[in-house]
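Descriptive analysis of the structure
Below are the chains, spelled out letter by letter.
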Amino acid sequence: MHHPLPPESAPPRHVFVYGTLRRGGSNDITRLQPAPVWVGAAVLRGALYGLGPYPGMRLDGSAEQDRPVVGEVYAVTPLLERQLDLIEGLDPDAPPADADEYAKRDVVVELAGRPLACFMYEIHPRYALPEARLPHGDWFQVMPPV
């Protein structure tokens, strides 16, 4: 079943990016088109895992002593959201599947002291291995921006 592309007149949505999509990361969102609009730095409670060249985040499983996961929030058009889905290995025209590495989730982040609704990409639990945990919550401490 083929869905037409979403109209570009649809309101932009906010995305919370915490890994390679951050500015300076290997999939730097600011290099994509149509360009996203920077909203601000944000944090989100959860557990960050290092998976070699990129991280994954789980919304559950954070320990009390963990730092929140550091990220950035951008406003993105529906067309850019489709590109992000593809980068994260999701088929925008197919229902979520257990085989997917990531799942798109709706979350509320704290940005400048205020809550903001966003979507983010959560790693599948099978990749959330205890030895891969990054309790500092900042992917750029592992893989600094270029």
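Scroll up a little and you will see the structure.
Residues numbered from 1 in each chain as written. Predicted model: local features only at pLDDT ≥ 70, side-chain atom pairs only at ≥ 80, totals over all residues. Heavy atoms only, no water.

Things to note about the overall build of the protein
- Scanning the protein for helices and strands turns up two helices and seven strands.
- For the protein, the succession of helices and strands along the chain, N to C, is β-β-β-β-β-α-β-β-α.
- Its C-alpha atoms give the protein a radius of gyration of 15 Å, near enough to 15 Å, the size a compact globule of 146 residues would have.
- Expressed as lengths along the three principal axes of its C-alpha atoms, the size of the protein is roughly 45 × 35 × 30 Å.
- Classification of the 146 residues of the protein by burial places 41% in the buried group.
- Pairs at least 24 apart in sequence give 72% of the contacts found in the protein among residues at least 6 apart.
- Within the structure as shown, the protein displays about 7900 Å² of accessible surface, and the carbon and sulfur contribution to it stands at 59%. (Helix = DSSP H or I, 4+ residues; strand = E, 2+ residues; numbered from the N terminus. Rg over C-alpha atoms; globule rule 2.2 N^0.38 Å. Buried < 20%, exposed > 50% of the residue type's maximum accessible area, 1.4 Å probe, protein only. Contact = heavy atoms within 4.5 Å. Areas by Shrake-Rupley, 256 points an atom, 1.4 Å probe, with all protein chains shown as cover.)

Observations regarding the pairing of strand β5 (residues 69–76)
- Most of β5 is tucked away: seven of the eight residues are buried.
- Sheet topology places strand β1 (residues 13–17) next to β5; five bridges connect them, and they run antiparallel. Residue V17 lies in a different strand from β5, and its bridge partner there is E72.
- One ladder, built from seven bridges, connects strand β2 (residues 37–44) with β5; its direction is antiparallel. Residue pairing across strands places W38 opposite Y74, the latter belonging to β5. (Pairing = 2+ DSSP bridges.)

What about the nonpolar core?
- One finds V15, F16, I29 and L84 to be the most contacted residues of the largest nonpolar core, which totals 34 residues.
- By residue number, the principal contributor to this core is strand β7 (residues 114–123), which donates five residues.
- Setting aside its immediate chain neighbours within four residues, L84 contacts V15, L21, I29, L32, V76, F119 and Y121. (Core = buried A, V, L, I, M, F, W, Y, C linked by side-chain atoms within 4.5 Å.)

Some points on the side chain of D100
- The residue D100 is located in the loop between α1 (78–87) and β6 (102–111) in this model.
- Of the buried charged residues, D100 lacks a salt bridge, with R126 as the closest side chain of opposite charge at 7.1 Å.
- Within the local environment of D100, its side chain forms a polar contact with the backbone nitrogen of A97, the two atoms lying 3.0 Å apart.
- What D100 contacts, discounting residues up to four positions off in sequence, is G89, L90, H124 and R126. (Lys, Arg positive; Asp, Glu negative; His and termini not counted. Salt bridge = Lys/Arg side-chain N within 4 Å of Asp/Glu carboxyl O. Polar contact = N/O pair within 3.5 Å; in protein donor to acceptor, adjacent residues only side chain to side chain.)

What to know about the pattern of salt bridges
- The full count for this structure, using the stated rule, is 12 salt bridges.
- Here R13 ties to E81 by a salt bridge, and the two come within 2.9 Å at their closest N and O atoms. Taken as a pair, R13 in strand β1 and E81 in helix α1 lie far apart in primary sequence, 68 residues in all.
- R13 gets classed as partly exposed once you look at its relative accessible area, which sits at 32%.
- One salt bridge in this structure joins R82 and D93, with 3.3 Å as the shortest N-O distance. Of this pair, R82 sits in helix α1 while D93 sits in the loop between α1 and β6, and the two are 11 residues apart along the sequence.
- The exposure class of D93 is partly exposed, given its relative accessible area of 25%.
- Each of R13, E81, D85, K104 and D106 takes part in salt bridges that share partners, so that together they form one network.

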